[in-house]
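# Examination of the molecular architecture
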Amino acid sequence: MKAAHGRLISEEGLRHDGRRPDEHRPVKMEVGVLSNADGSAMVEFGRTKVLAAVYGPREPPQRFMLLPDRAILRVRYHMAPFSTSDRKSPAPSRREVELSKVIREALEPVVISELYPRTAIDVFVEVLQADGGTRTAGVTAASLALADAGIPMRALVAGVAVGKVDGVLVLDVDEVEDSAGEADLPVAGAPDLGLITLLQLNGVLSEEEFEQALDMAWRAIEDLVRQEKEVLRRKYQGVSRA
Amino acid sequence: MGQTSSGGSSRTLVLPGDPVGEDVEARAPYIYVDDRGVKRAAVPGFVDDRGGKKVFVPLESIYIPKPGDIVIGMVHSVGVTNWFVDINSPYMAVLNLQDFLGRPFNPATDEPGRYLSAGDDIKAKVLAFDRTRNPLLTVQGEGLGKIVEGKIVEIAPARIPRVIGRKGSMLEVLSSETGCEIFAAVNGRVHVKCPNPEVEAIVILAIKTIEREAFTSGLTARIRKLIEEEKVVRGVGK
């Protein structure tokens, strides 16, 4: 489906996969997919497929990790060796260590960790299939899994990336657009609180473009959180009928 | 937000971040007040309007020990003069040998491993807990101590009120229909002691069904029917 001659935006203004610039890839969300975990979720952004599992609060394996006033949030972002077309070494790469930190920091403002001092909350984000936007899909899946685990949260978070390809701002960049694009702006936030919890920028955007990109991302995040709530509501179907 | 009403009460499903309304009592960890003073849900739950009084009922919860709670614990490891007990909580509980024996002990002769080993189940009371130290258990009390018969079923702690039912109605159905002794501990563990294994299997199936279908309408009647049907299928109680 790659566009001919390296053009990522057609003359009709459509992207290489036929989407409009402000169109998200098809989103699929599911909760409670792993019975062993306290909470779990699967999120798909087009061909990007991410699984999240949450355990805890529980005693951390090493007691030096304990914090006297709150729970520690430990996030492990990992790409499965089969998630990319070239085999990805299963050992944690520099990028995975960084993304683990970025996802943790995107979740920390919403997790009410003060309720469980001296414990650890473990979040595992496993990328099963990567086609761009894995960190934002990871944040979205982790947020759903935390809610599924019953860990108190101030609000649900979701993430999306806005890119710039052929001079056009595009929502939810995939792998092709990410690698050939001019800029990439991953954003995560909690619309219920009006809070941005993750903001990164690769490449260059003008001030005007940045504001426009942030606006596009925010509207998409609002929609993603709506979908998260819909999925959770389906899980508790029947509650309101009691 | 799904909202329906029946029989003078209405329920509204709320999810983390949703405002719950000012007239709902704020109680940690299920409800918090944000920077602008708005009360919001922190876990999935529903706001139950019971004739003007609004109550938040959590659908997911994590068991945090409270002094006085009766819990079912599993011995995790044996210390020199105590046991570390898993009580299905983020915090490992401690049971001291002196408390278990009910008398001062001689470290040379009284070894904890002689009385309880890893994997043993106990019914105990939470004596003290303040989150700065691990919870302390006691087995001094009627019906407390090592569990020597029956089975332990583990379910989500948020579903325990449903296993008990309003004024104990569900427990009453479970025990009267099967003849089993059932104790539902607040930490999400249910101890069942039944006259025979077939009935035990039926009770466990019923408890798992309650966990799965908790908070749906007409559950007590359906559980009664399930037990009756299973008794016919398994050929018990004739």
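Residues numbered from 1 in each chain as written. Chains lettered and ligands numbered in written order. Predicted model: local features only at pLDDT ≥ 70, side-chain atom pairs only at ≥ 80, totals over all residues.

## Remarks on the overall build of chain A
Worth spelling out the cut-off: A run of DSSP states H or I qualifies as a helix once it reaches four residues; a run of E qualifies as a strand once it reaches two. Both are numbered from the N-terminal end. Both definitions apply: the radius of gyration is a C-alpha atom measure, and the globule rule equals 2.2 Å times residues to the power 0.38. With C-beta atoms placed from the backbone, a residue counts as buried when 20 or more other C-beta atoms lie within 10 Å of its own, as exposed when 12 or fewer do, and as partly exposed for counts between those limits. Contact between residues is assigned whenever the C-beta positions, reconstructed from backbone atoms, fall within 7 Å.
Summing up its helical and strand segments, chain A has 4 helices and 10 strands in all. Helices and strands in chain A line up, N terminus first, as β-β-β-β-α-β-α-β-β-α-β-β-β-α. Against the globule reference of 18 Å for 242 residues, chain A gives a C-alpha radius of gyration of 18 Å, in line with a compact fold. Summarising its shape, the C-alpha atoms of chain A cover approximately 55 × 45 × 35 Å along the three principal directions. Per-residue burial for chain A yields a buried fraction of 49% across its 242 residues. Counted over contacts in chain A with a minimum sequence separation of 6, partners at least 24 positions apart contribute 69%.

## Regarding the overall build of chain B
Along chain B, the regular secondary structure elements total 5 helices and 15 strands. Principal-axis analysis of the C-alpha atoms places the extent of chain B at approximately 65 × 60 × 25 Å. A separation threshold of at least 6 residues defines the contact pool for chain B, and within that pool the share at least 24 residues apart is 55%.

## Section: unusual backbone geometry
Residues and elements named next belong to chain A. Backbone torsion omega between Gly-56 and Pro-57 reads 0°, so that peptide bond is classified as cis. Its location among the elements puts Pro-57 in strand E3 (residues 48-58). Phi at Arg-118 is positive, roughly 65°, even though this residue is not glycine. Judged by the 22 C-beta atoms lying within 10 Å of it, Arg-118 falls in the buried class. Despite not being glycine, Asp-172 shows a phi value in the positive range, around 55°.

## Some points on the interface of chain A and chain B
Threshold: Amino acids are sorted into nonpolar (Ala, Val, Leu, Ile, Met, Phe, Trp, Tyr, Cys and Pro), charged (Asp, Glu, Lys and Arg) and polar (every other residue, Gly among them).
Counting residues at the interface gives 28 residues for chain A and 27 residues for chain B. Put simply, the parts of the chain that give the side of chain A that touches chain B at least two residues each are E3 and helix H4 (207-235) of chain A. In the side of chain A that touches chain B, the residues fall into 16 nonpolar, 5 polar and 7 charged.

## Some words on the domain arrangement of chain B
Residue and element names in this part refer to chain B. This is how the line gets drawn: Residue ranges assigned to the domains are those given by an automatic or database domain assignment.
Annotation of chain B at the domain level lists domain 1 (3-58), domain 2 (70-146) and domain 3 (151-234). Inter-centroid distance (C-alpha atoms) of domain 2 to domain 3 is 27 Å. On the domain 3 side, the residues contacting the 8 residues of domain 2 number 9 residues. Elements that contribute at least two residues to the side of domain 2 that touches domain 3 include exactly strand E7 (70-78) and strand E10 (121-128). For the side of domain 2 that touches domain 3, the element with the most residues is E7, which contributes 3 residues. When grouped by side-chain class, the residues that make up the side of domain 2 that touches domain 3 number 4 nonpolar, 2 polar and 2 charged.

## Considerations on the confidence of the model for chain A
Here is the rule: Confidence of the predictor at the level of single residues is captured by pLDDT, which takes values from 0 to 100.
Looking at chain A as a whole, its pLDDT mean stands at 93, while 95% of the residues score no less than 70. Below a pLDDT of 50 lies the segment residues 1-5 of chain A, which in the model reaches 7 contacts outside its immediate sequence neighbourhood of four places, other chains included.

## Some thoughts on the packing of helix H3 (residues 169-178) of chain B against helix H5 (residues 219-234) of chain B
Residue and element names in this part refer to chain B. The following threshold applies: Simply put, an axis is a line fit to the C-alpha atoms, just over the touching stretch for a helix, and the angle between two N-to-C directions goes from 0 to 180 degrees. Throughout, the term roughly parallel applies to angles under 35 degrees, roughly antiparallel to angles over 145, roughly perpendicular to angles from 65 to 115, and oblique to all others. Handedness of each helix crossing follows the sense of rotation of the near helix against the far helix: counterclockwise by less than a right angle gives left-handed, clockwise gives right-handed.
In the contact formed by H3 and H5, the axes pass within 10 Å of each other and the chain directions differ by 15°. Considered as vectors, H3 and H5 are oriented roughly parallel to each other. Where H3 crosses over H5, the handedness of that crossing is right-handed. From H3, Ser-169, Met-170, Val-173, Glu-177 and Thr-178 reach across to H5, where they touch Thr-220, Ile-223, Arg-224 and Ile-227.

## Structural notes on the sheet that holds strand E5 (residues 120-129) of chain A
Residue and element names in this part refer to chain A. Test applied: Any two strands between which DSSP finds at least two bridges are classified as paired.
If you trace the 5 strands from one edge of the open sheet to the other, you get E1-E2-E3-E5-E4, paired in mixed fashion. Only two strands of the sheet have a single neighbouring strand rather than two, namely strand E1 (27-31) and strand E4 (72-79). Adjacent strand axes in the sheet meet at a mean angle of 15°, parallel and antiparallel pairs treated alike. As paired elements, E1 and strand E2 (residues 39-45) share 5 bridges and run antiparallel to each other.

## Considerations on the sheet that holds strand E14 (residues 181-185) of chain B
Residue and element names in this part refer to chain B. What the 3 strands build is an open sheet, ordered E13-E15-E14; its pairing is antiparallel. On the outer flanks of this sheet lie strand E13 (151-154) and E14, each paired with one strand and no other. When the angles between neighbouring strand axes are averaged without regard to direction, this sheet yields 20°.

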